[in-house]
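The residues making up each chain are set out below.
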Amino acid sequence: MGERRSLTEGSVFHNIVRFSLPFLFSYFLQTLYGMADLFIIGQYNGADVISAVSVGSQVMHMLTVMLVGLAMGTTVMIGRHVGAREEEKISRTIGNTIFLFLIIALALMGLLQLLIRPILTVLSTPAEAVDQARIYLVICFLGIPFITAYNVISAIFRGLGDSRSPMYFVAAACLINIVLDYVFIGAMDLHAAGAALGTVVSQAMSVLFALIAIRRRQLGIHVRKQDLRPDRAVIRSLLSIGAPICAQDGLIQISFLVITAIANRRGVDVAAAVGIVEKIISFLFLVPSAMLSTVSAIAAQNIGAGQQERAERTLRYGALIAFTVGVIFGIIFQFAARPVISLFTAGKDPQVIELGSQYIRTYVWDCALAGIHFTFSGFFSACGRSMISFIHNIIAIVTLRIPLAWLASVYFPATLWQMGIAPPAGSLLSALICIGVYLHLKKKGTLVR
């Protein structure tokens, strides 16, 4: 643990696999937090509590994804400095990251507590689920500093070329979360509050494990007190890369939440079905998400070392891997939709199972298409062009993703099959824009800023 690794040598494909697998497993374990909550809630409670936890956990997933996107600036900047062997700049980047994210975490914790009721209103949370969803969010928002700390520590390690250490931290915490869910939800019958408590306590444990490991092991870097002082140039660089990725991920999640709000107006069964499918999709999206971060880290080191051709090869391999895996998922869920959805209701809600099965059979193709534009987003961030990702996502969301979901709810009120077409349609447009912009910039010789 704590080993710095050069990603500028050897086989590009092997580097991607070696770096992405621990990353993928880390994302898998993080996703298990929400999925375990929803699965265990479904064993002990009805559609009202399932709906409450699904709405609340979607809000927390959105927040986490945005923090990960913002921390991408740290991964890329450290990666570039590692590639260029600039030790002092690595330490300064880490110090300013700590300063910046401490302020962000405290501000979010306080502000979001004041916005819980408006959030639930905007999401059209079913009346039966409002109280449980509010309790869930109160507790989870108090845990924001732990979420932030874990993701910042992970971003630092990945910038150093180490994707294994974050996996170890979250693995232990995930096991704790599952045990606590059964204690709080099953034995103590705390409903949504139990799910939230299990999540927050386990996240705090992952941060504790990370801090203990950092203290005991050498990372090959030394952060001094002066590195913690805010440096405008460093913070500007961190935000110029991370903020557009954060906004991009936020927009994608907002579009999911808007779609959820559209679905919630159709009743508690539809709300529960959509919530379950969103959890499954967030699990399947581990591959595109892991590839985005993998490509950004590897490409950043290679760009820092002046090896742009290797960075572009990383992009091509990453996009091919993510797209192929997404196609495999799409085929599997044409046959496995119903039994998978049934797992989350213990077979007790046939209407939820039917609606969820319809929704996921079309929605699942988003994994393949998003795999392409997620990978390009990682590459563009390594090139210092994160704004491209922000722009193409706005276009896709405004022109296709949300309008198609709304039209489907209006013209096909008895089924969710058509609504599931909206996300992959948006991702297809994003992928086409990314490919076009990449070819244009490559032709002009201005890929890297």
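Structure: above.
None of these values were measured; they are calculated from a predicted model.

(A) Expanded view of helix α2 (residues 47-84). The end-to-end C-alpha separation of α2 is 54 Å, in line with the 56 Å expected for 38 residues at 1.5 Å each. Of all the bends in α2, the greatest, near 30°, is centred on A71. When you tally the buried positions in α2, you get 34 out of 38 residues, the bulk of the element. R85 sits one or two positions beyond α2 and adopts a positive phi of about 60°.

(B) Region of interest: the side chain of T74. Here T74 shows up in helix α2. The buried category is assigned to T74, whose relative accessible area is 1%. Not counting chain neighbours up to four residues away, the residues in contact with T74 comprise T97, F101, A155, I156 and L238.

(C) Focus on the pattern of salt bridges. Using the criterion set out here, one finds five salt bridges in the structure. E312 serves as the salt-bridge partner of K442, at 2.8 Å between the closest nitrogen and oxygen. One end of the pair, K442, is in helix α16 (residues 422-444); the other, E312, is in helix α12 (residues 308-343), with 130 residues separating them in the sequence. On the basis of relative accessible area, E312 is assigned to the buried category, the value being 6%. Here E354 makes a salt bridge to R338, at a shortest N to O gap of 2.3 Å. Taken together, the residues E354 in helix α13 (residues 350-363) and R338 in helix α12 connect sequence positions 16 residues apart. Classification of R338 as partly exposed rests on a relative accessible area of 37%.

(D) Just the nonpolar core, in detail. Formed by 123 residues in total, the largest nonpolar core has its most connected members in Y136 and F379. Looking at this core, the element that brings in the most residues is α2, giving 18 residues. Setting aside chain neighbours within four positions, we find F379 in contact with V295, A299, A311, E312, L315, Y438 and L447. Counting ten residues, the second-largest nonpolar core is a separate cluster that includes L29, I153, F157 and C174.

(E) How the structure looks around the side chain of S206. Position of S206 relative to the elements: it lies in helix α8 (residues 191-216). Take S206: its relative accessible area is 2%, and that puts it in the buried class.

(F) Just the packing of aromatic side chains, in detail. For the coordinates displayed, the defined rule picks out eight aromatic pairs. Judged by centre distance (5.9 Å) and plane angle (40°), the ring pair of F376 and F380 falls under tilted. Of this pair, F376 and F380 both sit in helix α14 (residues 366-382), four residues apart, roughly one helical turn. Here the aromatic rings of F379 and F380 are separated by 6.3 Å at their centres, their planes lie at 55°, and the arrangement is tilted. A relative accessible area of 0% places F380 in the buried class.

(G) Unusual backbone geometry, seen in detail. You will see that H191, though not glycine, has its phi angle at about 55°, which is positive. Position of H191 relative to the elements: it lies in helix α8.

(H) Representation of a nonpolar patch on the surface in the model. Residues L404, W406, L407, V410, Y411 and F412 make up a contiguous nonpolar surface patch of about 590 Å² in total accessible area. The exposure class assigned to Y411 is exposed, which follows from its relative accessible area of 61%.

(I) Spatial organisation of the environment of G384. Tracing the sequence through the fold places G384 in the loop between α14 and α15 (387-411). With residues near it in sequence (within four places) discarded, G384 still touches R80 and R449.

About the thresholds
Residues numbered from 1 in each chain as written. Predicted model: local features only at pLDDT ≥ 70, side-chain atom pairs only at ≥ 80, totals over all residues. Heavy atoms only, no water. Helix = DSSP H or I, 4+ residues; strand = E, 2+ residues; numbered from the N terminus. Expected span 1.5 Å × (residues − 1). Bend = angle between axes of the 7 residues up to and from the residue. Buried < 20%, exposed > 50% of the residue type's maximum accessible area, 1.4 Å probe, protein only. Contact = heavy atoms within 4.5 Å. Salt bridge = Lys/Arg side-chain N within 4 Å of Asp/Glu carboxyl O. Core = buried A, V, L, I, M, F, W, Y, C linked by side-chain atoms within 4.5 Å. Phe/Tyr/Trp six-rings, centres within 6.5 Å; stacked < 30°, edge-to-face > 60°. Patch = residues over 30% accessible without salt bridge, like charges linked within 9 Å, V, L, I, M, F, W, Y side chains within 5 Å. Areas by Shrake-Rupley, 256 points an atom, 1.4 Å probe, with all protein chains shown as cover.

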